[in-house]
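Residue-level structural notes
These are the residues of each chain, in order.
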Amino acid sequence: MPSRKRLYKELFEKIDKEKKEKVTLGETVMYLREINAELEENDKVKFLLDQFESSGESVLSFSMFCSIMEDLEDMGWKKAAEKKKESVIEREVRAVFNLVDMDKSGAVSRREAQMACNLLKKRFGIQDVGDWMRQVDDNDDGDLSFEEFSDAVLDLITAEHQQPEEAPEDNQE
């Protein structure tokens, strides 16, 4: 179906923020959960996404992405209506936190953050994860609670959106 492939292409392009024509399975799962919170109500879809999430760094081409989307649709997944941007950002922060918090302790350790540094860099532009954690660890316990993580990431997102566009330099003297 052409409309199905168009939908997949649209989703793929939204996930592929770096425009490299490839996405990871973890990014895909995170994005699908972001745009459709009701996924957790469908046990078949939830099970399949949980399986995919455990293979989070597997790289997908567009054709592999389409195959996964077809499997998900067969299990009952469907695209939800567009959500407000703010709620999507909050859900994305929660989804990233849940991915990075590998031991599900409710806090992100330095080790977990280092292991997820590529994801944090790609999603939020965090270049030096260790330095970033030292700066935002409000209680200096070496871990980031969800509140610390969320506040820090939302600050980064807000700062990114408030930066004025650079004007072209005028080379006339």
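Look up a bit, the structure's there.
Below or above, wherever it landed, is the structure these notes cover.

A word on the overall build of the chain
- On a plain count of helices and strands, the chain comes out with nine helices and four strands.
- Secondary structure elements of the chain, listed N to C terminal, follow the sequence α-β-α-α-β-α-α-β-α-α-α-β-α.
- Residues classed as buried in the chain amount to 40% of the 173 residues present.
- Taking the contacts inside the chain whose residues are at least 6 apart along the sequence as the reference set, 63% of them involve residues at least 24 apart.
- Surface exposure of the chain reaches about 10,900 Å², of which carbon and sulfur atoms provide 48%.

Observations concerning the environment of lysine 121
- Within the secondary structure layout, lysine 121 lies in helix H7 (residues 117–124).
- Look at lysine 121 and you get partly exposed, because its relative accessible area is 43%.
- In this structure, lysine 121 is in contact with Ile126 and Gln127, ignoring residues within four places of it in sequence.

So, a negative patch on the surface
- Where like charges cluster on the molecular surface, the negative patch consists of Asp138, Asp140, Asp141, Glu147, Asp151 and Asp155.
- As for its placement among the helices and strands, aspartate 141 is situated in the loop between helix H8 (129–136) and strand S4 (143–145).
- Taking the relative accessible area as the measure of exposure, aspartate 141 reaches 46% and is therefore partly exposed.

Things to note about helix H4 (residues 62–75)
- With 14 residues, H4 extends 20 Å between its outermost C-alpha atoms, agreeing within 8% with the 20 Å of an ideal straight helix rising 1.5 Å per residue.
- Looking one or two residues past H4, glycine 76 carries a phi angle of roughly 115 degrees, positive in sign.

What to know about the packing of aromatic side chains
- This structure, assessed with the given rule, holds six aromatic pairs.
- The interplanar angle of 75 degrees and the centroid separation of 5.3 Å between the aromatic rings of phenylalanine 12 and phenylalanine 62 together place this pair among those described as edge-to-face. In this pair, phenylalanine 12 sits in helix H1 (residues 2–15) while phenylalanine 62 sits in helix H4, placing the two residues 50 residues apart along the sequence.
- Note on phenylalanine 97 and phenylalanine 146: the rings are 5.2 Å apart at their centroids and 80 degrees apart in plane angle, and the pair reads as edge-to-face. Taken together, the residues span a long stretch of sequence, with phenylalanine 97 in helix H5 (residues 85–100) and phenylalanine 146 in helix H9 (residues 146–162) at a distance of 49 residues.
- The structure contains a cluster of three or more aromatic residues connected by ring pairs, namely Phe97, Trp132, Phe146 and Phe149.
- The lysine or arginine in question, lysine 9, covers the ring of phenylalanine 62, its NZ or CZ lying 4.7 Å from the ring centre.
- Sitting above the plane of the phenylalanine 146 ring, arginine 94 keeps its charged end 3.5 Å from the centroid.

About the cut-offs
- In this numbering scheme, every chain counts its residues from 1 along its sequence in written order.
- Selection of residues for local features in this predicted model requires a pLDDT of at least 70, selection of side-chain atom pairs for listing and counting requires 80 or more, and totals for whole chains, interfaces and linings are taken over all residues.
- As a rule here, side-chain values come from all non-hydrogen atoms in the structure, and water together with hydrogens is ignored.
- In this description a helix means any DSSP run of H or I spanning at least four residues, a strand means any run of E spanning at least two, and both kinds are numbered starting from the N terminus.
- Any residue under 20% of the maximum accessible area for its type is buried, any over 50% is exposed, and the rest in between are partly exposed; the area is computed with a 1.4 Å probe on protein chains only.
- Residue contacts are counted whenever heavy atoms from the two residues lie within 4.5 Å of one another.
- Surface accessibility in these figures is a Shrake-Rupley result with a 1.4 Å probe; residues are shielded only by whichever protein chains are displayed.
- Grouping into patches uses exposed residues only, defined as over 30% relative accessible area, and leaves out salt-bridged ones; the cut-off is 9 Å for like charges and 5 Å for nonpolar side chains (Val, Leu, Ile, Met, Phe, Trp, Tyr).
- One side-chain nitrogen of Lys or Arg within 4 Å of one carboxyl oxygen of Asp or Glu is enough to make a salt bridge.
- The charged-residue count follows a simple rule in which Lys and Arg add positive charge and Asp and Glu add negative charge, with His and chain termini not counted at all.
- The atoms used to mark charge sites are NZ of Lys, CZ of Arg, CG of Asp and CD of Glu.
- Multiplying one less than the number of residues by 1.5 Å gives the expected span of a helix.
- Each aromatic pair joins two rings of Phe, Tyr and Trp (for Trp, the six-membered one) with centres within 6.5 Å, and gets the label stacked for planes under 30 degrees apart, edge-to-face for over 60, and tilted for any other angle.
- Whether a charge lies above a ring is judged from NZ of Lys or CZ of Arg, which has to be within 6 Å of the ring centre and within 35 degrees of the ring normal.

Just distances and angles here, no functional claims.
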